[in-house]
Every structure is written in structure tokens, then in C-alpha cells.
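Observations on chain architecture
Listed below, chain by chain, are the residues.
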Amino acid sequence: MTVIDIPGSKSVTARALFLAAAAEGTTTLLRPLVSDDTEGFAEGLTALGYAVRREPGAWHIDGRPDGPGADTAEVYCRDGATTARFLPALVAAGRGTYRFDASAQMRGRPLGPLSTALRTLGVDLRHLEKEGHHPLAVHASGVKGGALTLDAGQSSQYLTALLMLGPLTAEGLDITVTDLVSEPYVEITLAMMRAFGADVRQEGRTYRVAPTGYRARTYGIEPDASTASYFFAAAALEPGRSVTVPGLGTGALQGDLAFADVLRRMGAEVEITETGTTVRSTGTLRGLTVNMRDISDTMPTLAALAPFADGPVRIEDVANTRVKECDRLDACAENLRRLGITVRTGHDWIEIHPGTPAGPVEIATHGDHRIVMSFAVTALRTPGITFDDPGCVKKTFPDFHRVFDAFVHTP
């Protein structure tokens, strides 16, 4: 059995940085993810006038409950969706003028529902080129609060940004959601807000957030469940192999750990304890139909594994994967077809038929870290797979190739 120490969760690290910046006092984050996305978030906070001190294994953030220390700032969000969506909400509670821009990839990703919601709350937010996209400017003067309706069917990050803003408003927020994707990520948000002292309640489709502010604390970041999925899939694929990821067990915040249950349905042995999760191959992978709306970041992992099942694998309700770093549904279909696999797709589904992927093929990554890490699993059984942009894994796991190669070559 191989034990793999997975880097910290990107989702948890990003939320923790927001909450720490907004809290009264100094917060210490233990084992934060160090990657392009999280470093971009931390640099954004620094540009806004927050004190962020980084050392190996721990980041210290001096909170500013009244908002950014800088009256004006320009923030470059890189490729980071959490940076690009969370920081405009954070600065809205302060006072000043703040400009945000992002990479061409991030400029192409939608922001409109969040912008509309912030404007409903009285925030002076202006898109500087294309409506609903970066770049944008926020002329902040605090947020009174109130009630609003939100469509979070494209991204749960819209709701998370507003929820985390709630305790910083003068009167609190009531947010009624008409549609919501990736709901487990919202559960992460709620749990973390409460850990930092917030009072937030859910009543049906309405979230009620009191104007409590936040309190600093020491907060440990759990391993990234989406990243763990590549190692779990590899273990399920290779007969006689098993992998354990410590720190990602029954108490984990991240919904993407449910990917292990998908592997269990396919025939792998899965054990989830308080201290970690273990996946073992049984030598069999069954086809299945699975709704991955709530764990859509692991859709490419399953798609890359699917050809090795004994029947078709159909993944449903994943329309939101079309507005990620790339159109992931089409990217998976394109690359699988180039490998000789029969694939059918629709607006929100993909069906992959059994087959033997054949190389050599260069995987078109579209600059998407999850396409690279997913098809690394396919490459275990397919000689000749290469990637046109292997380095894009820096977004969440800069050391992925070395760690995955070491895992593969461990007896």
C-alpha cells in the first residue's frame, strides 16, 4: 500500500484567506496549498494592503475587518477563479477604488450573476470591457446588506463570495438561490464561516447571514480531494495497487471525496476512516451512469478512467464543466476520440464506451490543469501519451508530475 501526502485543498485555502483577511486579529493557516492560484490570491491581498507573511507550512494573515488597507489598488487575478470572484466581494465591504484584471483564460469565464448581485446591494461595480467579465472596477463604500435572489447554476462560487461578504455588511444578508451547482462547495463555505465566528443559517433555498464579523484563529487546511481523485483512480485501475490519502477521512469538508464512492460502484475497494481514505483495485472496473453535478471537478478524472471499464460510463448533469478553465466536457471528448475511444456527448452529459486507448497522442490540455492530471491516469495503460502544456498543473499542484511518477513506480 502506498501512502500519498496530497497538498492542501485549493478551495479551503482560498476561503481561509478571505476569512482571515476579514477577521479581527491574526490568523495562522497550517499546511496551505502553495500553487499559482493560492499565491495569486495571497498577492492580491498584499496589493490591497493586507499583511500576509508566508513561511513553509504556515501563512499568517493580519485581518482588517473594516476592509483593505489600501485606498486604491490594482489586482491581477491570474487564472484564479476564486481570486477573481472572492476579492471583489471582499473589497466591497471596505472603502476605496479597486481594479481587477485576470488572464485571458479567466477573462473568458463568467462573472455576471455575482456582479448583478453586488449591484443589487448597492455596490458600484463596473465592467471595463465586456459586461459580466474581467476586467472590472469596484468603487467601494461599505455594504448595508439586505435581501437578494441569486442564480448560482453556473458556479457555486457566486454564492460563496456573497455568503462570506454577509458578516461584513451592516445589517446582514438574506440570499435566496434559484439554482445551485456543486452544492458541497457551499457546505465547505458554511462550515468555515462558522469556524471563524459567523452566524449563518439555511432555510430551504434561503441563506440568512448575520452581521457578526469574523474572529481570527489557527486553521488547518485539509488535503485537496479533487487532487486525490487522480491517485484514487490510478489505484483502482492497476491490479494489485492501493493508495491511502491521510487527512482526508469521514470528517472531511470537501464533497469531492464522494469520487471514492463512484470508484466503489465501479468495483474498487474503498475504505474511509476518521484518519484517511484508501482505494484498492479489485482488477475489475464496471460501467455505470452517474450524476456528477455536485462533484463536477472530478468529471475529467472519471472520463479519463472510463475506457477501461467493462461497459459504457455515462456522466450526467455536468453542464457547468463547460465554463471552467476550458470546456472540459468537449476537451475530454476530443482527447478520448483522438485515442480511438467512442464518445457521445450532449449539452450536459458525456458517454464513454469501453476500448483500448492507442498512442502516441499529444493531449490537448487547453491550459487546464485537470485535463493534464486526469489523462495522466489514462497514460498508465497507454504508451506514447504526451501533453502540449504539462506545466499548467502549477495552478493547483506544481509538483504533480514528480509525485505521480513516484507513485506509479512504487511497488
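Below: a short report on this structure. (Residues numbered from 1 in each chain as written. Predicted model: local features only at pLDDT ≥ 70, side-chain atom pairs only at ≥ 80, totals over all residues. Heavy atoms only, no water.)

Time to look at the overall build of the protein chain. Assigned secondary structure in the protein chain consists of 13 helices and 24 strands. Against the compact-globule benchmark of 22 Å for 411 residues, the protein chain has a radius of gyration of 21 Å, which places it among compact chains. Considered along the principal axes of its C-alpha atoms, the protein chain spans approximately 60 × 40 × 40 Å. For the protein chain, the residues scored as buried account for 60% of the 411 residues in total. Entry remark: accessible area of the protein chain is about 14,600 Å², with carbon and sulfur atoms responsible for 46%. With 40 positive and 49 negative side-chain charges, the protein chain shows a separation of 2 Å between the mean positions of the two kinds. (Helix = DSSP H or I, 4+ residues; strand = E, 2+ residues; numbered from the N terminus. Rg over C-alpha atoms; globule rule 2.2 N^0.38 Å. Buried < 20%, exposed > 50% of the residue type's maximum accessible area, 1.4 Å probe, protein only. Areas by Shrake-Rupley, 256 points an atom, 1.4 Å probe, with all protein chains shown as cover. Lys, Arg positive; Asp, Glu negative; His and termini not counted. Charge placed at Lys NZ, Arg CZ, Asp CG, Glu CD.)

With that settled, the discussion passes to the layout of surface pockets. In this structure, the largest pocket encloses a volume near 230 Å³. Forming the boundary of the largest pocket are 18 residues, of which Pro7, Gly8, Arg31, Pro32 and Leu33 lie nearest the centre. (1 Å grid on protein atoms, 1.4 Å probe; cavity = no way out; pocket = protein on both sides within 12 Å on 5 of 7 lines; lining within 4 Å. Points joined across faces, edges and corners; volume = space filled by probe spheres on them.)

A few words on empty space enclosed by the protein. All told, the structure shown has two cavities of 30 Å³ or more when counted by the stated rule. In this structure, the largest cavity encloses a volume near 220 Å³. A class-by-class count of the residues in the lining of the largest cavity yields three nonpolar, nine polar and 10 charged. What the second largest cavity holds in volume is close to 40 Å³. Split into classes, the residues belonging to the lining of the second largest cavity amount to three nonpolar, two polar and three charged. (Nonpolar A, V, L, I, M, F, W, Y, C, P; charged D, E, K, R; others polar.)

Of the pairings in the sheet, the one linking strand E11 (residues 173–180) to strand E13 (residues 206–209) comprises four bridges and is antiparallel in character. When the bridges of E13 are listed, Ile175 appears paired with Tyr207. In the sheet, strand E12 (residues 200–203) pairs with E13 via four bridges, with the strands oriented antiparallel. In the sheet register, Glu203 faces E13, and the bridge partner there is Thr206. Adjacent in sequence and paired antiparallel, E12 and E13 are bridged by two residues, among which Gly204 carries a positive phi angle near 65°. (Pairing = 2+ DSSP bridges.)

We now examine the packing of aromatic side chains. Pairs of aromatic rings are described using the distance from one ring centre to the other and the angle between the two planes. Scanning the model with the defined rule gives eight aromatic pairs in all. Summarising the aromatic geometry, the rings of Phe400 and Phe404 are spaced 5.1 Å apart at their centres and angled 25° between planes, so their arrangement reads as stacked. Here Phe400 and its partner Phe404 are both found in helix H13 (residues 400–408), four residues apart, which amounts to about one turn of the helix. Given a relative accessible area of 6%, Phe404 falls into the buried group. Chaining the aromatic ring pairs together yields one cluster made of Tyr230, Phe231, Phe397, Phe400, Phe404 and Phe407. A cation over a ring is seen here: Arg54 above Trp59, with NZ or CZ 5.5 Å from the ring centre. Between Arg241 and the ring centre of Phe407, over which it is positioned, the NZ or CZ distance is 4.9 Å. (Phe/Tyr/Trp six-rings, centres within 6.5 Å; stacked < 30°, edge-to-face > 60°. Lys NZ or Arg CZ within 6 Å of the ring centre and 35° of its normal.)

Here the focus is the packing of helix H1 (residues 10–22) against helix H2 (residues 36–47). Between H1 and H2, the least distance of the axes is 10 Å, while the angle of their chain directions is 10°. Judged on the interaxial angle alone, H2 and H1 are roughly parallel. On H2, the residues that touch Lys10, Thr13, Ala14, Leu17, Phe18 and Ala21 of H1 are Asp37, Thr38, Phe41, Ala42 and Leu45. Of the residues that constitute the contact of H1 with H2, the class distribution is seven nonpolar, two polar and two charged. (Axes fitted to C-alpha atoms, helices over the stretch in contact; angles between N-to-C directions. Parallel < 35°, antiparallel > 145°, perpendicular 65-115°, else oblique. Contact = heavy atoms within 4.5 Å.)

Turning our eyes to something else, we now look at helix H6 (residues 157–165). With nine of nine residues buried, H6 lies mostly within the body of the structure. Within H6, burial applies to Gln157, Tyr158, Leu159, Thr160, Ala161, Leu162, Leu163, Met164 and Leu165.

Glancing now at the environment of Gly57. For Gly57, the position within the fold is in the loop between strand E4 (51–55) and strand E5 (58–62). Between the C-alpha atom of Gly57 and that of Met106, which follows or precedes it by 49 residues, the distance is 28 Å.

Further remarks concern the state of the cysteines. Under the defined criterion, the tally for this structure stands at zero disulfides. The thiol sulfur of Cys392 is not disulfide-bonded, and the nearest other cysteine sulfur, from Cys326, lies at 9.1 Å. (Disulfide = S-S within 2.5 Å.)

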